[in-house]
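Chain and residue survey
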Amino acid sequence: MACINLNLDVDVNKCLSGLWATLPLGRPKSDIKKLEKEMTRLRGKRDDIKNQIGEEERKGKIPTNEVNQWLREVEELEGQVAEINQDFQSMSCFSCNCFNQTGGTSSRKQEAGDQVPIKKSSNCCFIIRRVAKKLGEATELMSRVSVLDQIATVGPSEPTVTIPLSHRPLVGIKSYVEDMVGYVDSGKGDIIGIYGMGGVGKTTILKSIQQHYNHGKFDCVIWVVVSKDCQLKKLQIDIAKSLKLQTLEENDDEQTCGNKLFSFLKNKNCLLLLDNIWEYVDLQLLGMAHSATKRGQQQQSRKVVVFTTRSETVCAQMKAEKKIRVKCLNPNQAWQLFEQNIDGNVLSSDAGIKFFAEQLAKECAGLPLALVTIARAMSGKRNWEAWNKALHLIRDKHDWTTIGLPKDQLIMYNVFKLSYDNLENDSIRECLLCCALWPEDYEINEFTELIPCWIGCGIIHEFNVINEAFTIGYSHLEALMTASLLEQCTGMDYFYKDPTVKMHDVIRDMALFMVSELKGNKRKWIVKAGIRLSDLPRKEEWQEAERASFMKNEITSLQEYGASTFSKLSILIFCDNIGLKTIPPSLFASMPGLAYLDLSRCSIIELPKEICSLTELQYLNLSGNPITRLPAEFGCLGKLEYLLLCYTNLKIVPNGAISNLSMLKWLDMKEIPLVLEWWWDELKCFRGRHQLSVGISIDATTDDIERLNMLPNVSIWHLILDGQNISKLPNYDLGTPQWSFRVSDKLEFLYITNLRLDRLVLATGVGRESSFGYLKILQFNNLKLLEEISLNGVRLYHLRKLYIFNCPMLKNVSWVLQLPCLNVLHINNCREMMELISDVGNSNPSSSLQSLQLFHMSKLNSIANRPLDFPYLEYIRVRRCPKLKKLSFGVEILKNRLKRIEGDETWWNNLDWTDKSIKDSFTPLWYP
């Protein structure tokens, strides 16, 4: 019988001790799951602390050493756990090599849990030991969180010695963007200048670069519009706002602001995009510099600046390491861009139209702004005769060659004039020219600034109530945007602010040229807006002006002038001169023909009685001033039609000061600490020739609402019901008879705040089919006990915006499905809400929603109990809604209008996606 001898070289003691050590630890897979669960908790806490650090840094603080050490230990543990997972995945089911304890390449003595050679690393026994050790470390790190004394502390003063810095692409843009991205990624240089004539597409290129770098490479991507006459301090403040940095103050000097920006940005990789600079800008004072104390010790954070300018000289002054000149489009590109901005059916409908269109495109000389402007202007023209006429107009040189414009501006003026002439009527043309009264690149608020200006200037005048005037205003606005003469703004705070529009600086130049310089009409308008003026120009410079705009300056005092010095002046704008406190009595006598006066957002405490000399005054805006009283002579302004007093401290109004204004059509006095007697006494005695539209804040009592009901010849346009001064208020129905037609039928804005009721009902009045038919904006704020909002017969067909803030007991807003035109839904701090829409019903509702914001809703776990269709949704913002793990729509929404999703990084990374490809599709739209 054969015998086989086996010489087994086995250390039995090591083997048995190894096996014994594994027995109480269980199987690796279950222990790894425990470790991963603990690591998930740890990562969540780590991200929370990082978010807190970010907030504290914006207040000028820095993380404590203890916190930094804790974060480093978490990062190290993450790496070690990842290695364990990798070793476990590579371990075969027969790899418990207890008989090979001596295997491997290292002879170093090792303890369980340490890094081990490849053979030991995949050994079951060692994996279990390593998991056990790391689980203990993770638990210990979690336990230390509760004893961290503080997250951040006041940072040390910074050294003063710094080392300065050395979607489908649009037509003609792609090559420029690729060139610049390649240069930035190569690390060859950090300052890039983009230069070229106005309207050539520089801003579009800059926006494409911003979009490319919104994720990943840079910690901060900052966009700032500079503009002509822009001051360094304003740039510093704008950058701080972009970063949400709270440490810069208005009374800080430029060096202090620069130091604060530098302190915040010093360890961050930053991309600063400066649009439309006209002269040298000190980048060091914008925080874009490196710390001298760090050089040579560790790799520097990177600071990259890309700017646009019209001047190559500015590129040299800025020491741009790369300069890119943006040229006009070649003929093929020009025609392609022209075609993109016009209805294709128009071009194909008639061979003659296409011929003249090609000729018009050639006249634009490849200038993109001109091509887009003229294409939009002609888009609705469907007969070749109109196109032929346009071609003759743009080619007709007449006296344009003698007006002093350089060739590039002359091309743009010809296009502007054609587009201007093609507007539907003179009212819309006048509306366009009015936009030039605001500063260059200024975002004009449609609701509080632009349309009230059009109304006050008399451009919009044929209406019965103010609602109709605003409807006309929005129609004119749409016409101007369709013609590309105004552009809609989508700034970083678009979730909160009213819609704004902006006039391209080239278009603004052409408008001002038309009204002030063409054909010898010099100084008909004088516009010195947003240029930090501290004093008015010499009177000789604007003595013949018809309109004068000095808005957004630093004027603190006004001169005394003789009677009728400015006899031709009809419009005067001083708004946003926050240092202006007094008005000299002689000012009004010097401009007897004044019809429009805007003194809003200054610091005026009192109006002189001489204001009664403005016998032609039709529009007066005093909003945002600390004024406390009106002069007794105020009632003598016999032609005054529009009086805006909101956000003032007005307490004393003499009898007749308002009720005697017989021509008054619009009175806005919301957000005033009202003394009940004066508003009631003045409005009940009002006997004007027109129905008076009123914006007002009142105490939320039945008595005050019934007072509004009794006002003769008055309709309520904007109403704020405030329960702040009411100690106890019973539940009541906000839609029953106390809401007369005077209150509800013309009401566009309803704000309900500080009420203590648990149920709120909007209902129809007795015997009426519906009220609130004009309501466009509805806001509920600080209703601490409110559990339910419901509609009872009310059809809010025109409601566009719904805001619900600080209603912690509110359960849901299912009733929003009854709002067919709702565009904006913002809900903030409704802690008990678990589901936005709890009852979808059996129908398949389609929403008009464009903007959705959900903020501070700790229990919210879903938007609806089944998917809803959001075909118009453009913007989503989610902050501090940790349980909202799923969005109620699929990737098909990308085919619609979705542009942006904002949310914390932790929330984004923890969203539940049924398919990773869906997340990949949405990621380019996500902004932390």
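Here's what I pulled together on the structure shown here. (Residues numbered from 1 in each chain as written. Predicted model: local features only at pLDDT ≥ 70, side-chain atom pairs only at ≥ 80, totals over all residues. Heavy atoms only, no water.)

**Brief notes about the overall build of the protein chain**
Rules: Helix and strand definitions here come from DSSP, where helices need a minimum of 4 consecutive H or I residues and strands a minimum of 2 consecutive E residues; each element is numbered from the N-terminal end. Exposed residues in this analysis have more than 50% of their type's maximum accessible area, buried residues have under 20%, and partly exposed residues fall in between, with area computed by a 1.4 Å probe over protein chains only. Calculation of accessible area relied on Shrake-Rupley with a 1.4 Å probe; when residues are assessed, cover is drawn exclusively from the protein chains displayed.
Check the secondary structure of the protein chain and you find 27 helices and 33 strands. Burial statistics for the protein chain: of 928 residues in total, 52% are counted as buried. Counting every atom, the protein chain has about 43,000 Å² of accessible surface; 48% of that belongs to carbon and sulfur.

**Some words on the pattern of salt bridges**
Rules: Salt bridges are defined as contacts in which a side-chain nitrogen from Lys or Arg sits within 4 Å of a carboxyl oxygen from Asp or Glu.
Throughout the structure, instances matching the rule amount to 34 salt bridges. Between Asp421 and Lys417 there is a salt bridge whose closest N-O contact spans 2.9 Å. In this pair, Asp421 and Lys417 are both assigned in helix α16 (residues 407–421), four residues apart and thus about one turn of the helix distant. Residues Lys684 and Asp681 are paired through a salt bridge, measuring 3.8 Å at the closest nitrogen-oxygen approach. With Lys684 and Asp681 both in helix α23 (residues 676–684) and three residues apart, this pair spans about one turn of that helix. Taking the relative accessible area as the measure of exposure, Asp681 reaches 28% and is therefore partly exposed. Through salt bridges with shared partners, a single ionic network connects Arg877, Arg879, Arg900, Glu902 and Asp904.

**Re the side chain of Ser586**
Spelled out, the test is: By definition in these notes, contact holds between two residues if any of their heavy atoms fall within 4.5 Å.
With respect to the helices, strands and loops of the structure, Ser586 is situated in helix α22 (residues 586–589). With sequence-adjacent residues up to four places away left out, Ser586 is seen in contact with Glu560 and Tyr561.

**Here we look at the environment of Pro585**
With respect to the helices and strands, the residue Pro585 is situated in the loop between β15 (571–573) and α22. Counting along the chain gives 25 residues from Pro585 to Glu610, while the straight-line C-alpha distance between them is 5.7 Å. Those residues in contact with Pro585 that sit more than four places away from it in its chain are Glu560, Pro608 and Glu610.

**Quick notes on unusual backbone geometry**
Despite not being glycine, Ala365 shows a phi value in the positive range, around 55 degrees. Within the fold, Ala365 resides in the loop between α13 (351–363) and α14 (368–378). Classification of Ala365 as partly exposed rests on a relative accessible area of 39%. Backbone geometry at Arg601 places phi at a positive 55 degrees, although glycine is not the residue there. Residue placement: Arg601 occurs in the loop between β16 (596–598) and β17 (619–621). When its relative accessible area of 30% is taken as the criterion, Arg601 is described as partly exposed.

**Looking at the packing of helix α15 (residues 384–395) against α16**
Quick note on the threshold: Axis definition: a line fitted to C-alpha atoms, limited for helices to the stretch in contact. Angles are taken between N-to-C directions and run from 0 to 180 degrees. For classification, angles of less than 35 degrees are called roughly parallel, those exceeding 145 degrees roughly antiparallel, those between 65 and 115 degrees roughly perpendicular, and all remaining angles oblique. Here is the rule for handedness: rotate from the far helix to the near one, and if that takes an anticlockwise turn smaller than a right angle the crossing is left-handed, while a clockwise turn gives right-handed.
Running from amino to carboxyl end, α15 crosses α16 at an angle of 140 degrees, the nearest separation of the two axes being 9 Å. As far as their axial angle goes, α16 and α15 are oblique. As α15 packs across α16, the resulting crossing turns out to be right-handed. Of the residues in α16, those in contact with Ala390, Leu393 and Ile394 of α15 are Asn414, Val415 and Leu418.

**Comments concerning the packing of aromatic side chains**
Between two aromatic rings, the relevant description is the distance of the centres plus the angle of the planes. Short version of the rule: Centres within 6.5 Å make a pair out of two Phe, Tyr or Trp rings, where for Trp the six-membered ring is used; the pair is then stacked when the planes are under 30 degrees apart, edge-to-face when over 60, and tilted otherwise.
If you walk through the whole model with that rule in mind, you get 29 aromatic pairs. Ring geometry for Phe550 and Phe574: centres 5.8 Å apart, planes at 25 degrees, overall stacked. Of the two residues, Phe550 sits in the loop between β14 (547–549) and β15 while Phe574 sits in the loop between β15 and α22, which places them 24 residues apart along the sequence. Accessibility assignment for this pair places Phe550 and Phe574 in one class, buried. One aromatic cluster is present, formed by Phe447, Phe470, Trp666, Trp717 and Phe749 through successive ring pairs.

**Overview of the sheet that holds strand β10 (residues 444–445)**
For the record, the criterion: The pairing criterion is simple: DSSP has to find at least two bridges between the two strands.
One open sheet accounts for three strands, arranged β10-β12-β11; its pairing is antiparallel. Unpaired on one side and paired on the other, β10 and β11 (487–488) mark the two borders of the sheet. Pairing of β10 with strand β12 (residues 500–502) involves two bridges; the strand directions are antiparallel. Its bridge partner lying in β12, Ile444 is registered against Val501.

**Let's talk about the sheet that holds strand β4 (residues 191–195)**
A sheet is described by the order of its strands in space; here five strands give the open sequence β5-β6-β8-β4-β9, paired in parallel fashion. Only two strands of the sheet have a single neighbouring strand rather than two, namely β5 (220–225) and β9 (322–325). Strand-to-strand twist across the sheet, computed as the mean angle between neighbouring axes with direction ignored, equals 15 degrees. Where strand β6 (residues 270–277) meets strand β8 (residues 303–309), six bridges bridge the pair, whose relative direction is parallel. Across the sheet, residue Ile277 finds its bridge partner in β8, namely Thr309. Relative to the sheet, helix α6 (residues 174–186) contacts β4, β8 and β9, its axis offset from that of β9 by approximately 175 degrees. Contacts between helix α7 (residues 202–212) and the sheet are confined to β4, β5, β6 and β8, with β6 contributing the most and set at about 170 degrees to the helix.

**Thoughts on the pairing of strand β21 (residues 714–722)**
The following threshold applies: Classification remark: right-handed applies to a crossover when, strands pointing away from the viewer, the course from the first strand over the helix to the second runs clockwise.
Most of β21 is tucked away, with eight of its nine residues classed as buried. Where strand β20 (residues 692–699) lies against β21, eight bridges are found, and the strand directions are parallel. Within β21, the residue paired with Leu692 across the bridge is Val714. Since β20 and β21 lie parallel, the crossover through helix α24 (residues 702–709) that links them has a hand, and here it is right-handed. Pairing between β21 and strand β22 (residues 749–753): five bridges, direction parallel. Across the sheet, residue Ile720 finds its bridge partner in β22, namely Tyr751.

**What to know about the nonpolar core**
We count it as follows: For this analysis, a nonpolar core means a set of buried residues of the types Ala, Val, Leu, Ile, Met, Phe, Trp, Tyr and Cys, connected via side-chain atoms within 4.5 Å.
Trp542, Phe634, Phe780 and Leu836 are the most contacted members of the largest nonpolar core, which totals 125 residues. Ranked by size, the runner-up nonpolar core spans 114 residues in total, among them Leu391, Leu405, Cys434 and Ile507.

**Points about α15**
Heads up, the condition is: A helix is expected to span 1.5 Å for every residue after the first. Note: the arc covers the axis-to-C-beta directions of the helix.
Over its 12 residues, α15 runs 17 Å from end to end, which matches the ideal 16 Å to within 8%, given 1.5 Å per residue. Among the residues of α15, those classed as buried are Trp387, Ala390, Leu391 and Ile394. Buried residues along α15 cover an arc of 100 degrees about the axis, so they all sit on one side. For α15, the exposed residues lying more than 90 degrees away from the buried face are Lys389 and His392. In this structure, the buried residues of α15 make contact with α11 (331–340), α12 (344–349), α13, α14 and α16.

**Description of helix α5 (residues 124–145)**
A rise of 1.5 Å per residue sets the reference length of α5, with its 22 residues, at 32 Å; its end C-alpha atoms lie 32 Å apart and thus fit the reference within 8%. If you check which residues of α5 are buried, you get Cys124, Cys125, Phe126, Ile127, Ile128, Arg130, Val131, Lys134, Ala138, Leu141, Met142 and Val145.

**Looking at the packing of helix α18 (residues 446–456) against helix α19 (residues 466–482)**
Threshold: Gly is placed with the polar residues, together with every amino acid not listed as nonpolar (Ala, Val, Leu, Ile, Met, Phe, Trp, Tyr, Cys and Pro) or charged (Asp, Glu, Lys and Arg).
Two elements in contact, α18 and α19, have axes separated by 10 Å at closest approach and are oriented at 100 degrees. The angle between α18 and α19 falls in the class roughly perpendicular. Residues Glu446, Phe447, Leu450, Ile451, Pro452, Trp454 and Ile455 of α18 lie in contact with α19, whose contacting residues are Ile466, Ala469, Phe470, Gly473, Tyr474, His476, Leu477 and Leu480. Of the residues belonging to the contact of α18 with α19, the class tally is 12 nonpolar, two polar and one charged.

**Digging into the pairing of β8**
Residues in a regular strand project their side chains so that they alternate between the two faces of the sheet. Summarising burial for β8: seven of the seven residues are buried, a large majority. What you see with β8 is no split at all: Lys303, Val305, Phe307 and Thr309 on one side and Val304, Val306 and Thr308 on the other are buried throughout. Of the pairings in the sheet, the one linking β4 to β8 comprises five bridges and is parallel in character. Counted as the bridge partner of Ile194 is Thr308 from β8.

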